[in-house]
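Structural characterization, general
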Amino acid sequence: MFLQNSSIKLFLILLSSVLLSNKMSAQYWISTYCGQQVMGFADGQGTNANFWNPLGICCDTLDNLFVVDGGNNAIRKISPSGYVTTFAGGNGQGYVDGPGSTAKFNLPFDICIDASQNLYVTDLYNHKIRKIDQNGNVSTLAGDVAGYADGYGTNARFERPRGICIDKHNVIFVTDFMNSMIRKIDTTGYVSTIAGNGMWGLADGPALSAMFHGPDGIAVDSIGNIYVSETWNHCIRLLDTSGNVTLVAGSNLGWQWPSYYQDGQGTQAQFHRPGGLMIDDNGHLLIVEYGNSAIRSMSPTYYVSTLAGIPYNPVFANGPQNVATFNEPSKICKTSDGSYYITDQGNNMIRKMVLTPTGNVQNSLANGLQIFPNPCKSYVYIQVQKMANYKLIDILGKTIQKGEVKQGGNQINLDGIVKGLFIIQFETQSEMVSRTIFIDP
């Protein structure tokens, strides 16, 4: 009964979302860029490639994407045309520096890129920061065995470093997960602690007195403010340029049902295991929320809203931002054309999010779309102005029929489908339109 009621509730949420999405003048559209839902390890074009738990992501000045393929212990490269190759690693679990084809990692987690196009990777279970040059050569920038120590290069110690970012001066910032600290690597390779006292907890104040619990994502803005997401405190913290740590959004109630999802102002908002962070061109902090399988946005005044995904619904669906779903997404980056790319860890995919005009567009799918008769019996006629793929979705959220409709009139056979209310989705590469139909055989 619980499953049935939950499924009906989800269907109603989806129904209201798709009907609303058809009225919006502009919205983000989420599609699958590379990978398949099945985990694997294969290079290739777009959805012919395979990943296994993709985690970190960044892009270079030519819009090549670099993806941390955690399960495969590899760094993958995706060209602007969507072709996936293995850039470094992929040789099993271990620790080996050298050419990318022979290098080894032990659950690489996050990645960033400097002005010279060198990559930096947090190598979680090797407790190190690895550097990869433009030719794919891998070296160890900092860290050795698990522990805690400031110092130069391999004299420093981390314990499961996770998030990594870099500022305009090529200074690197790392979330040291198990040490619950924020570390800095300057351009000489010196590692220092800039926030956290080494104890797990939630305490604001002067940076070295503050406490964190499981810091994960990290981003730095143009003036040097640093934002940190916390896995176990379920919140967003700010380390400002004066050296003070402040809780700006969420709270440590994120583990309690039903408190772990809520949009709102600052600490009125709730998260559940927020992860990857990035700052957009308007100064909004984008938060990839692993626990709620959603993309959240925090304004410069700390108002939190849901940008994409349906909380409590870790499955897979492409479409408008309030219809598309993710499965434990991890990190996000943006290319020069304004497109966002998200590592959808649970779906083993790289998803693409673009702002797309819909609704009142002359050649929109919605214009001229006709479905008749409705209610229908053993068939339904579909009139569309351009070719599209369609899916028929039942009340449990299951796709029970899919196919293609061509420009003009189409007849779809519904023989064998049981009586009920369904959503029919029509999708092209740039938009999706949804309608309800009632089948009464």
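Presented here is an overview of the structure given in this document. On a predicted model such as this, the values are computed, not experimentally measured, just so you know.

Another point: the overall build of the protein chain. Summing up its helical and strand segments, the protein chain has 1 helix and 36 strands in all. The C-alpha atoms of the protein chain give 23 Å as radius of gyration, which agrees with the globular expectation for 441 residues (22 Å, within 12%). By principal-axis analysis of the C-alpha atoms, the protein chain measures approximately 75 × 45 × 40 Å. For the protein chain, the residues scored as buried account for 56% of the 441 residues in total. Across the protein chain, contacts joining residues at least 24 apart in sequence account for 47% of those joining residues at least 6 apart. Carbon and sulfur atoms make up 52% of the accessible area of the protein chain, which totals about 18300 Å².

Below, the discussion takes up the nonpolar core. Judged by nonpolar contacts, the single largest core of 20 residues is most densely connected at Ile 382, Ile 424 and Phe 426. Those elements that place two or more of their residues in this core are strand E31 (379-384), strand E32 (388-393), strand E35 (420-427) and strand E36 (432-439). Not counting residues within four places of it along the chain, the set of residues in contact with Ile 424 comprises Ile 371, Ile 382, Tyr 390, Lys 391, Leu 392, Ile 412, Val 433, Ser 434, Arg 435 and Ile 437. Grouped together as the second largest cluster of nonpolar side chains are 17 residues, Val 68, Phe 87, Ala 103 and Leu 124 included.

Now for the pattern of salt bridges. As enumerated under the stated definition, the model contains 16 salt bridges in all. In this structure, Arg 237 and Glu 230 form a salt bridge, with 2.6 Å as the shortest nitrogen-oxygen distance. In this structure Arg 237 comes out as buried when scored by relative accessible area, which is 1%. Of the residues examined, Glu 230 reaches a relative accessible area of 0% and is grouped as buried. One salt bridge connects Asp 281 with Lys 334, and the closest N-O pair in it is separated by 2.9 Å. Placement of the pair is Asp 281 in the loop between strand E22 (274-279) and strand E23 (285-289) and Lys 334 in strand E27 (residues 329-334), with a sequence separation of 53 residues. Residues participating in the shared-partner salt-bridge network are Asp 43, Asp 69 and Arg 76.

Right, let's talk about the side chain of His 127 for a bit. Turning to its location among the elements, His 127 is positioned in the loop between strand E8 (119-123) and strand E9 (128-132). A polar atom in the side chain of His 127 sits 3.4 Å from the backbone oxygen of Tyr 125. Excluding its chain neighbours within four sequence positions, the residues that come into contact with His 127 are Gly 143, Asp 144, Val 145, Ala 146, Phe 158, Glu 159, Arg 160 and Pro 161.

The next subject is the sheet that holds strand E16 (residues 205-206). Reading across the sheet, the 5 strands line up as E16-E20-E19-E18-E17 and stay open at both edges, with antiparallel pairing between neighbours. Either end of the sheet is taken by a strand with one partner, and the two such strands are E16 and strand E17 (215-220). Relative to strand E20 (residues 244-250), E16 is paired through 2 bridges, and the arrangement is antiparallel. When the bridges of E20 are listed, Gly 205 appears paired with Val 245.

The next subject is the packing of aromatic side chains. Tallied over the entire structure, the rule returns 6 aromatic pairs. Pairing Phe 66 with Phe 87 gives two aromatic rings, centres 5.3 Å apart and planes at 65 degrees, and the pair type is edge-to-face. Note that Phe 66 is positioned in strand E4 (residues 65-69) and Phe 87 in strand E6 (residues 83-89), a separation of 21 residues in sequence. Across the pair, Phe 87 and Phe 66 agree in class, each one buried. Taking the ring centre of Tyr 95 as reference, the NZ or CZ of Lys 128 above it sits at 4.4 Å. Between Arg 130 and the ring centre of Phe 105, over which it is positioned, the NZ or CZ distance is 4.8 Å.

By the secondary structure assignment, Tyr 390 is in strand E32. Residues Tyr 390 and Ser 434, 44 residues apart in the sequence, show an inter-C-alpha distance of 9.3 Å. In this structure Tyr 390 touches Gln 401, Lys 402, Gly 403, Glu 404, Val 405, Ile 412, Ile 424, Gln 425 and Phe 426, once residues within four positions along its chain are discounted. Among the polar contacts listed, one links the side chain of Tyr 390 to the side chain of Gln 401, at a separation of 2.9 Å.

Our focus in this paragraph is the side chain of Arg 130. Inspection of the secondary structure puts Arg 130 in strand E9. Owing to a relative accessible area of 0%, Arg 130 belongs among the buried residues under this scheme. A distance of 2.9 Å separates a polar side-chain atom of Arg 130 from the backbone oxygen of Val 96.

What follows concerns the environment of Val 171. Following the sequence through the fold, Val 171 ends up in the loop between strand E12 (161-166) and strand E13 (172-176). Assessed through its relative accessible area of 14%, Val 171 is described here as buried. Sequence spacing of Val 171 and Asp 186 is 15 residues, and the spatial spacing of their C-alpha atoms is 4.9 Å. In this view, Val 171 contacts Cys 165, Ile 166, Lys 184, Ile 185 and Asp 186; residues no more than four positions away in its chain are not counted.

Calculation rules
- Residues numbered from 1 in each chain as written.
- Predicted model: local features only at pLDDT ≥ 70, side-chain atom pairs only at ≥ 80, totals over all residues.
- Heavy atoms only, no water.
- Helix = DSSP H or I, 4+ residues; strand = E, 2+ residues; numbered from the N terminus.
- Rg over C-alpha atoms; globule rule 2.2 N^0.38 Å.
- Buried < 20%, exposed > 50% of the residue type's maximum accessible area, 1.4 Å probe, protein only.
- Contact = heavy atoms within 4.5 Å.
- Areas by Shrake-Rupley, 256 points an atom, 1.4 Å probe, with all protein chains shown as cover.
- Core = buried A, V, L, I, M, F, W, Y, C linked by side-chain atoms within 4.5 Å.
- Salt bridge = Lys/Arg side-chain N within 4 Å of Asp/Glu carboxyl O.
- Polar contact = N/O pair within 3.5 Å; in protein donor to acceptor, adjacent residues only side chain to side chain.
- Pairing = 2+ DSSP bridges.
- Phe/Tyr/Trp six-rings, centres within 6.5 Å; stacked < 30°, edge-to-face > 60°.
- Lys NZ or Arg CZ within 6 Å of the ring centre and 35° of its normal.

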